[in-house]
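Listed here are the chains, written in short residue letters.
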Amino acid sequence: METSSEEIKLIIRRAEPDDYESLTRLFTGPRVIWGTLQVPYPSAEFWRKRLADPTDGYYGLLACIGNEVVGELGLLTFPKAPRRRHAASLFMAVRDDWQGQGIGSALMQATVDLADKWLNLMRLELEVYTDNEPAIRLYKKFGFEVEGTLRCFAYRDGQYVDVYSMARMKPAASS
Amino acid sequence: MDAATEKMSFLIRRLEPDDYQAVYRIFSGPRAVWGTLQVPYPSADAWHKRLAQPREGSTYLAACAGIELVGQLGIDTFPGHPRRQHAAEIGMAVMDEWQGKGVGTALMQAAVDLADKWLNLSRLELQVYTDNEPAVRLYKKFGFVIEGTLRSFAFRDGQYVDAYTMARINENIGMLQP
């Protein structure tokens, strides 16, 4: 009897308005809430509106395995601010049950490729809780450096917590 | 003989939609443009529209010398982000010819009083170009501390320049007490 192992095919695609239910599900996970600025008990209506009418300059990417949305990354550019047009900020979340399996890396790779090769961005910025070690390791792997520590930045699980402000400058073209 | 330095006092009030001409004048000044994210040749009409639709959760203050509006400061909270409701971002600009005369101090004093005593904000944050020494001094005077340096944060006068990210934490505010 042949046992064939099904290759897990991870696809990165753009988030569409109809993805709001999958995103609501992603944001029910306690680890996702812990690592972001979202609050428990996410509202499907909130995500429906957010996806139906995204901010100008927003690129939502999803990591999908089969029909399941297992991760998301939002890249926010600043089309209305010419003096910040070279920069973008990003935030991401991997579904609780898919963390630690390379989803974050896949999303980050797609994002830096998009930023470097198509969106002509020089500077990517993000914030991450100082105790979110796996996330910090991921960002450092993609060239992000800590630029500062923002104290009592957000409220999380009953206390104010610090974040690192990190940024990645586009690498100089290698000749 | 006493060489008394006359200390100017400025009236602080809420910025109103009708103030758009004065705000346009502030941002017509090259120094105001240099110190912020504004671009040259501001549009009075754009400021008219912007002030007519104030951003939710924001408070805008005006500093007046007599009847002339000479500076403005915005306190932007983060509505829709309950986990950031203790925080706000500050941005300000003083008319070029009124810089160095205490307008910034008057605006900052009003802003921190409002934050501490009425808006219940324990964290105020801002960005300032690393070479904008008078502004950095002003913010430090009001308890802001440099938390980091954002490299090539913005484009200014032909090059990318760094900005400090600074914040003032008020630990006395109820929210920060266990």
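What you see is a predicted model, and the numbers here were worked out from it, not measured in a lab.

Q: Please clarify how the nonpolar core should be interpreted in this entry.
A: Nonpolar side chains in soluble globular proteins generally cluster together in the buried interior. Residues and elements named next belong to chain B. Membership of the largest hydrophobic core comes to 44 residues, with the highest contact counts inside it found for Met 108 and Tyr 139. When residues of this core are traced back to their parent elements, those giving at least two are helix H1 (20–26), helix H3 (44–52), strand S2 (58–65), strand S3 (68–76), strand S4 (87–94), helix H4 (103–117), strand S5 (123–129) and helix H5 (133–141). The greatest single-element share of this core, amounting to seven residues, is contributed by H4. With residues up to four places along the chain from it excluded, the contact list for Met 108 reads Leu 73, Ile 90, Met 92, Leu 138, Tyr 139, Phe 142 and Phe 144.

Q: Could you clarify how one ought to interpret the pattern of salt bridges in this entry?
A: When the charged atoms of two side chains with opposite charge come close together, those side chains can pair. Residues and elements named next belong to chain A. Tallied over the entire structure, the rule returns 25 salt bridges over all chains. The shortest N-O distance in the salt bridge between Glu 68 and Arg 95 comes to 2.7 Å. Of this pair, Glu 68 sits in strand S3 (residues 68–77) while Arg 95 sits in the loop between strand S4 (87–94) and helix H4 (103–117), and the two are 27 residues apart along the sequence. For Glu 68, a relative accessible area of 35% gives the class partly exposed. Under the relative-accessibility criterion, Arg 95 is labelled buried at 7%. For Arg 123, the salt bridge goes to Glu 147, with nearest N and O atoms at 3.0 Å. Within this pair, whereas Arg 123 is found in strand S5 (residues 123–129), its partner Glu 147 is found in strand S6 (residues 145–156), the two being separated by 24 residues in sequence. We note that Arg 123, like Glu 147, is buried.

Q: Which parts of the structure should I look at to understand the confidence of the model for chain B?
A: As a general rule, the predicted coordinates of low-pLDDT regions are not to be interpreted in detail. Residues and elements named next belong to chain B. Per-residue pLDDT for chain B has a mean of 94; in total, 93% of the residues score no lower than 70. Segment residues 1–5 is flagged for pLDDT under 50; beyond a separation of four residues in sequence, or across chains, it makes zero contacts in the model. On the interface metric, ipTM, the complex scores 0.92, and its pTM is 0.93.

Reading guide: rules and limits
Here the residue numbers are simple positions, counted from 1 along each chain's written sequence. Ligands are numbered from 1 and chains lettered from A, in the order in which they are written. Local features in this predicted model are restricted to residues whose pLDDT is 70 or higher, and side-chain atom pairs enter the listing and the counts only when it is 80 or higher, whereas totals over whole chains, interfaces and linings include all residues. Side-chain measures here rest on the full set of heavy atoms in the structure, leaving out hydrogens and waters. What is meant by a nonpolar core is a set of buried Ala, Val, Leu, Ile, Met, Phe, Trp, Tyr and Cys residues, joined one to another through side-chain atoms within 4.5 Å. With a 1.4 Å probe rolled over the protein chains alone, any residue whose accessible area is under 20% of its type maximum counts as buried; one over 50% counts as exposed, and the rest are partly exposed. In DSSP terms, a helix is any run of H or I states spanning at least four residues, a strand is any run of E spanning at least two, and both are numbered starting from the N terminus. In what follows, a contact means two residues having at least one pair of non-hydrogen atoms within 4.5 Å. Salt bridges are identified by distance alone: a Lys or Arg side-chain nitrogen within 4 Å of an Asp or Glu carboxyl oxygen. Within a predicted model, pLDDT stands for the predictor's per-residue confidence, ranging from 0 to 100.

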